[in-house]
6 protein chains.
Amino acid sequence: MRPDQRQADQMRQVKLTPGYLLTAEGSVMIEFGNTRVLCAATLEDSVPQWLRGSGRGWVTGEYSMLPRATVTRTSREVNKGKPSGRTMEIQRLIGRSLRAVVEMEALGERSIIVDCDVIQADGGTRTAAITGGFVAMALAIKQLVKFKALTRSPIKEHVAAVSAGVVNGVAVLDLCYEEDSAADVDMNLVMTGAGQLVEVQATGEKSTFSDEQMLALMGLMKGGIRQLVELQKDVIASA
Amino acid sequence: MRPDQRQADQMRQVKLTPGYLLTAEGSVMIEFGNTRVLCAATLEDSVPQWLRGSGRGWVTGEYSMLPRATVTRTSREVNKGKPSGRTMEIQRLIGRSLRAVVEMEALGERSIIVDCDVIQADGGTRTAAITGGFVAMALAIKQLVKFKALTRSPIKEHVAAVSAGVVNGVAVLDLCYEEDSAADVDMNLVMTGAGQLVEVQATGEKSTFSDEQMLALMGLMKGGIRQLVELQKDVIASA
Amino acid sequence: MRPDQRQADQMRQVKLTPGYLLTAEGSVMIEFGNTRVLCAATLEDSVPQWLRGSGRGWVTGEYSMLPRATVTRTSREVNKGKPSGRTMEIQRLIGRSLRAVVEMEALGERSIIVDCDVIQADGGTRTAAITGGFVAMALAIKQLVKFKALTRSPIKEHVAAVSAGVVNGVAVLDLCYEEDSAADVDMNLVMTGAGQLVEVQATGEKSTFSDEQMLALMGLMKGGIRQLVELQKDVIASA
Amino acid sequence: MRPDQRQADQMRQVKLTPGYLLTAEGSVMIEFGNTRVLCAATLEDSVPQWLRGSGRGWVTGEYSMLPRATVTRTSREVNKGKPSGRTMEIQRLIGRSLRAVVEMEALGERSIIVDCDVIQADGGTRTAAITGGFVAMALAIKQLVKFKALTRSPIKEHVAAVSAGVVNGVAVLDLCYEEDSAADVDMNLVMTGAGQLVEVQATGEKSTFSDEQMLALMGLMKGGIRQLVELQKDVIASA
Amino acid sequence: MRPDQRQADQMRQVKLTPGYLLTAEGSVMIEFGNTRVLCAATLEDSVPQWLRGSGRGWVTGEYSMLPRATVTRTSREVNKGKPSGRTMEIQRLIGRSLRAVVEMEALGERSIIVDCDVIQADGGTRTAAITGGFVAMALAIKQLVKFKALTRSPIKEHVAAVSAGVVNGVAVLDLCYEEDSAADVDMNLVMTGAGQLVEVQATGEKSTFSDEQMLALMGLMKGGIRQLVELQKDVIASA
Amino acid sequence: MRPDQRQADQMRQVKLTPGYLLTAEGSVMIEFGNTRVLCAATLEDSVPQWLRGSGRGWVTGEYSMLPRATVTRTSREVNKGKPSGRTMEIQRLIGRSLRAVVEMEALGERSIIVDCDVIQADGGTRTAAITGGFVAMALAIKQLVKFKALTRSPIKEHVAAVSAGVVNGVAVLDLCYEEDSAADVDMNLVMTGAGQLVEVQATGEKSTFSDEQMLALMGLMKGGIRQLVELQKDVIASA
């Protein structure tokens, strides 16, 4: 039995609160159960140096956790002078995931920065960040199209992400922190609305794993992502 | 006329949401109009090196702004490798303000860290941080006393803070960002529930000011702080 | 009785040695008793990015202490990789204080950097830095006007600063280190030659304070600053 | 046709030169074609703080590229003050991969640090680092067992890694730099000698991908790793 | 008797492997006995800011040690955030030594960066770096002249370096690590092919020394450098 | 003719002001003409980790320049986050020079830190720092012996330093900044009171040099150091 009585293939309750910030063009508070991530999209009229003159845009993600997102306080990374390896890995993953569904020529020489700040952490913060980050980006672009700053949306597809893992020998979907800590195998899947894969990451630090286990986890995660994409569509349409 | 139609001596609507985080012993989301600061208190069983063996505790504040707390995105300080001068100044102010109302011998060799993260910024973030930071600290200590970790509260007094300034020649209370940008003189007052002063800061970069102007601003801010302390009392009592 | 037998409203002996450096356009060694701060002004033909094209100038202060300015050696901040919070707070205060008396349009797109290096510290280093920093700046500008680099001085007013505090229940002016360590309340005032206020800072970390105490300290400090401005005038006129 | 005339399922020539350094207990120069990585293992009699007293050991990897490992010179990360996100991601991957095959209780409270320095880079540096890093670690441990510092080897399994990708629509094994730059999909697999999975990473930044493509790449990589493990066995046995 | 049975005036075996890297225009692996340094030269079409528009070029050196170049592992400097004082001192020495033999006007507004990475350290790494660094630079320039990117070589002279020291009262040439650690006096000489001096450094931390000792060491080092220059000539000619 | 009409073998006027700081056990302001360096010695009751338990002490130097020590302002190194290569090289030289004349066993497990802060720079700052740094250290130790904290002085010898160079083809002693900038060859010598050599550094970046030139410079510097040591003796005796 899972700590919160969920079925193995059941996601936690997912809640999306669009327009959470008055200050950002696109923003959403996303909750996967007790995990809460505030996602905000910024559009800037410049691109990194190596893209100047190319006519192409860029999308990047930033990720951070508030100190008391965790039950034991986590020190601020600014006080160590640099982001941790974990933070940089997650930021790179968010960026790659969002870039996979944006047509850079249609965006033009603009950058989208998607900030994902974890308000409360209970497992799955990076997958919530990707799922919510897409919504924040889509809402910002919707504004731009509405106000004719862009003639059409450069977004090709929806993209969302979820985790799964083998806990006590059972493959389960959308791990909470307690399950994540106990998992033998931990996977993250990033997938488009059309079911194409964007990123697959499987890690077996505590225990190695078989092809069969990996495929079982893949199956669970695909089901979860299909639900997340439906939620994204509703929120973006009604915003 | 003020941008939001307030009277000169009128505060913005103040809202306190205690227990905002499941993860922290004491937390509150505080809002001064559109300014929103998430405050969380952490109790640690250690003190800075220079206090070890003294039997006395310590209280410290940390302050940060999310990148999209502002209408134009602000870069994360971690990417510059260190907190800005402004951040350090505010952190030091929060720490001094809270220490002024805590009896360090009664706290014992423990540290309280009060994290103040600005979710949305519309002026007055440092005063909201002090006002909310006190509530987060008080809620955490209430828990400790309830569970007998402390025999009595080391808190001697309430403490709250508010800003005021001279805008277009008129002294007004609790500046929003638009007023703050236009102010000739800018003041912050930190005061206890009993009306004792803790910190007075007046700055006249755009224009110097007279004693009379300073006293007028002091009068406005005392009135504002008395209202804030009443709100603090209600929230702490009912939590 | 004060440690050095001064009256409550008596400043320490103040000494200004203009032209201390052959290398700087304007420089002064300022002494408040045993506190010695070397102030040097630099004029640069550029402004921060956000002022380019505005026709306006900028004034900024830098502050540092030599390691053996203090009785117990203080580590160099360069070895920690960044200035401390205290240093940044003082630098910002010096900059604001000097900017308050400079007409930025008359300065044109030039920057003045005022370096304040504490050679020996016995309390009041930031107020000595502001008082001496003004003299260094005025001497540099006098040179520029003399050599026709500027048609007229952009300095509108004199500005000086002094500290005061409540020590053993008594309000005293211009605290030495021993008094500063023992003070219940600590104030700094920055004021112009015409008696207009520029910055007021009062801090009651060890003890809160009343309006009456603050006003008493204000009175002492105004008297001190009037004396400092007279000394500034003599030194600048005779240089 | 591949740039170096290989078959789709053919690895580049792999060469292992054990004992490359006189200074290290275990070291190997590993070459995957023109990619050359120098791997060296260090055993230290201490563990990170959070493992002290646990009786368990730790294995960690470090990764760096020499500036002229690349055709266009890459600046040293030390001059930027911190490792890049890419470096940290690879270091974490190396550490996880090696830890997956080490029994931490049998290692005792010791740390193994495996340094992987890229001398020449032509794609696949991280997989060469894992494959060579394992050999360096195994050689160091062989020494320790020989000299009775350890009663038995804590190594449970062999581990090796290889890349694959979809280039011009074809799934190919062990990408060189030219292929890596052109790949639509890029995968890395870390697998044990017994065929258990340790890490699976698939990234489709340039193009999303299907389950079928992922499985085809998995098949190629399993074949490659089986060959690498045979080479590892030969080298370790004969050293 | 020296640890490796050499005569007092005998160098260790010196080996130069030109073209060690496929990725660099000019590279060489240089060995002084067990000391191995990989030197690579890069030509860039830009100069430091202060040389722009001058028509003159610049040559700079960078130096680093792999962690297991030493018998006890040395932490990577990137993890401390900055190069050590020793590294910076050596980098500056390499740069000055190479610049002494390059005609900057003939180079034009180009920079040569010579990377010297110590693969294995057994004393004399900085002198091996200078000697090998010159070869890497000369090979890169030979390419440029061959492909008409430069009409003639800007190299005026050969330059090489060697160490010597007083060990157990005896002046000996080209110290290995064991001798270096025991030396009372330690010298480095950088000299041109024509016998002109470029840098002389003598250090007597463990013991002061006399003029006569210094002259004896100078004599030994001149003999060593003459041999090194012959080797350089052979390698460059045959490359 | 030299810029200040000195003979080739003539030093600038040297002035030593002992006890410049009330705050330090030993301090001196040293002037070589317009070069002014404030030297202060600190004795600490601890040693670096690698000396703990050895019964031996340590001596270290720190060096810095005030921003307006130079005619064109030099940025503070703290704002770049780390000391420059030049600063680190000079600090290391000061430390080695002072350690050469201290008997570490007699010092016991204590550290002496000698801070050398350049107030005004006109060439020769590092040699003035060594010469003055020795006096500051000697004065501090004299105090310790006087107050019986040490039974005898651990200082074995005097040590002083001076520069020389070849300017317009002429070997001259004690270069001022104007000469230093124009010098073809630049040397520094550190020598004991008994005439033993401690450090010899000769650099010919602008031009290589001959043995004869080096010996001529050595002769000039020995004469200068003999004068400096006489001045040191007078000051230390009379303090």
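Computed from a prediction, not measured in an experiment: that's the story for all the values here. (Residues numbered from 1 in each chain as written. Chains lettered and ligands numbered in written order. Predicted model: local features only at pLDDT ≥ 70, side-chain atom pairs only at ≥ 80, totals over all residues. Heavy atoms only, no water.)

**As for the packing of aromatic side chains**
Under the counting rule described, the total for this entry stands at six aromatic pairs over all chains. Judged by centre distance (4.9 Å) and plane angle (80°), the rings of Trp50(C) and Trp58(C) are edge-to-face. The ring of Tyr20(B) has Arg36(A) lying over it, and the distance from NZ or CZ to the ring centre is 4.8 Å. (Phe/Tyr/Trp six-rings, centres within 6.5 Å; stacked < 30°, edge-to-face > 60°. Lys NZ or Arg CZ within 6 Å of the ring centre and 35° of its normal.)

**Focus: the sheet that holds strand β6 (residues 159-167) of chain E**
In spatial order, the strands read β7(E)-β6(E)-β8(E)-β9(E)-β9(F)-β8(F)-β6(F)-β7(F); together these eight strands make up an open sheet with antiparallel pairing. What marks the edges here is a single partner per strand, and that holds for β7 (170-173) of chain E together with β7 (170-173) of chain F. The mean angle between the axes of side-by-side strands here comes to 15°, regardless of whether they run parallel or antiparallel. Across six bridges, strand β8 (residues 185-192) of chain F lies against strand β9 (residues 197-203) of chain F in antiparallel orientation. Within β9(F), the position partnered with Leu189(F) by the bridge is Val200(F). (Pairing = 2+ DSSP bridges. Helix = DSSP H or I, 4+ residues; strand = E, 2+ residues; numbered from the N terminus. Axes fitted to C-alpha atoms, helices over the stretch in contact; angles between N-to-C directions.)

**Remarks on the side chain of Gln201(F)**
Within the secondary structure, Gln201(F) sits in strand β9. With residues near it in sequence (within four places) discarded, Gln201(F) still touches Val200(E), Leu93(F), Arg96(F), Arg126(F), Asp186(F), Met187(F) and Asn188(F). (Contact = heavy atoms within 4.5 Å.)

**A look at the arrangement of the chains**
Nothing in chain A touches chain C; the tightest C-alpha to C-alpha distance between them is still 9 Å. Structurally, chain B and chain E remain out of contact, their C-alpha atoms never closer than 11 Å.

**Quick word on the pattern of salt bridges**
Summed over the entire model, instances satisfying the criterion amount to 108 salt bridges over all chains. Close ionic contact of Arg73(B) with Asp115(A) constitutes a salt bridge, the shortest N to O distance being 2.6 Å. Note that Arg73(B) is positioned in the loop between β4 (58-65) and α1 (85-99) and Asp115(A) in strand β5 (residues 111-120), a pairing that runs across two chains. For Asp115(A), a relative accessible area of 2% gives the class buried. Salt bridges sharing partners connect three or more residues here, namely Arg2(A), Asp4(A), Arg6(A), Arg12(A), Asp122(A), Asp174(A) and Glu179(A). (Salt bridge = Lys/Arg side-chain N within 4 Å of Asp/Glu carboxyl O. Buried < 20%, exposed > 50% of the residue type's maximum accessible area, 1.4 Å probe, protein only.)

**As for the interface of chain A and chain B**
With 36 residues of chain A at the contact, the number on the chain B side is 36 residues. On the surface where chain A and chain B come into contact, there are twelve salt bridges. In this structure, Arg76(B) engages Asp117(A) in a salt bridge whose closest nitrogen and oxygen atoms are separated by 3.0 Å. The tally of links between chain A and chain B comes to 25 residue pairs in polar contact (both at pLDDT 80 or more). Looking at the side of chain A that touches chain B, the elements that each hand over two or more residues are β3 (35-44), β4 (58-65) and β5 of chain A. When the residues that make up the side of chain A that touches chain B are grouped by side-chain class, the tally is 17 nonpolar, eight polar and eleven charged. (Polar contact = N/O pair within 3.5 Å; in protein donor to acceptor, adjacent residues only side chain to side chain. Nonpolar A, V, L, I, M, F, W, Y, C, P; charged D, E, K, R; others polar.)

**Notes on the packing of helix α3 (residues 125-146) of chain C against helix α5 (residues 211-238) of chain C**
Residues and elements named next belong to chain C. At their nearest, the axes of α3 and α5 sit 10 Å apart, and the two run at 25° to each other. In terms of their interaxial angle, α3 and α5 are classed as roughly parallel. Relative to α5, α3 is oriented so that their crossing is right-handed. Mapping the contact onto sequence places Thr131, Phe134, Val135, Ala138, Leu139 and Lys142 in α3 and Leu228, Gln232, Val235, Ile236 and Ala237 in α5. Here the residues of the contact of α3 with α5 sort into eight nonpolar, two polar and one charged. (Parallel < 35°, antiparallel > 145°, perpendicular 65-115°, else oblique. Left-handed = near helix turned anticlockwise from the far one by under 90°.)

**Quick look at the environment of Pro83(F)**
For Pro83(F), the position within the fold is in the loop between β4 (58-65) and α1 (85-99). For Pro83(F), a relative accessible area of 5% puts it in the buried group. Between the C-alpha atoms of Pro83(F) and Tyr63(F), which are 20 residues apart in sequence, the distance is 9.6 Å. Not counting the four nearest positions on each side in its chain, Pro83(F) is found in contact with Val78(C), Asn79(C), Lys82(E), Met88(E), Glu77(F) and Met88(F).

**A look at the relation of the copies chain A and chain B**
Overlaying chain A with chain B gives an RMSD of 0.0 Å, the required rotation being 180° about an axis along which the chain moves by 0.0 Å. When the rotation and shift are considered jointly, the pair of chain copies conforms to a two-fold rotation axis. Looking at the interface residues of chain A, 100% of them are also at the interface in chain B, so both copies use one shared face. (Least-squares fit on C-alpha atoms with pLDDT ≥ 70 in both.)

**As for α3(C)**
Residue and element names in this part refer to chain C. Here α3 is 22 residues long and its end C-alpha atoms lie 31 Å apart, about the 32 Å a rise of 1.5 Å per residue gives. Counting buried positions along α3 gives 18 out of 22 residues, so the element sits mostly inside the fold. Downstream of α3 by a residue or two, Lys148 has a phi angle that is positive, lying close to 65°. (Expected span 1.5 Å × (residues − 1).)

**Topic: the environment of Val102(C)**
Residues and elements named next belong to chain C. Examined against the element boundaries, Val102 turns out to sit in the loop between α1 (85-99) and α2 (104-107). Separated by 75 residues in the primary sequence, Val102 and Tyr177 place their C-alpha atoms 31 Å from one another. Setting aside its immediate chain neighbours within four residues, Val102 contacts Val59, Leu107, Met137, Pro154 and Lys156.

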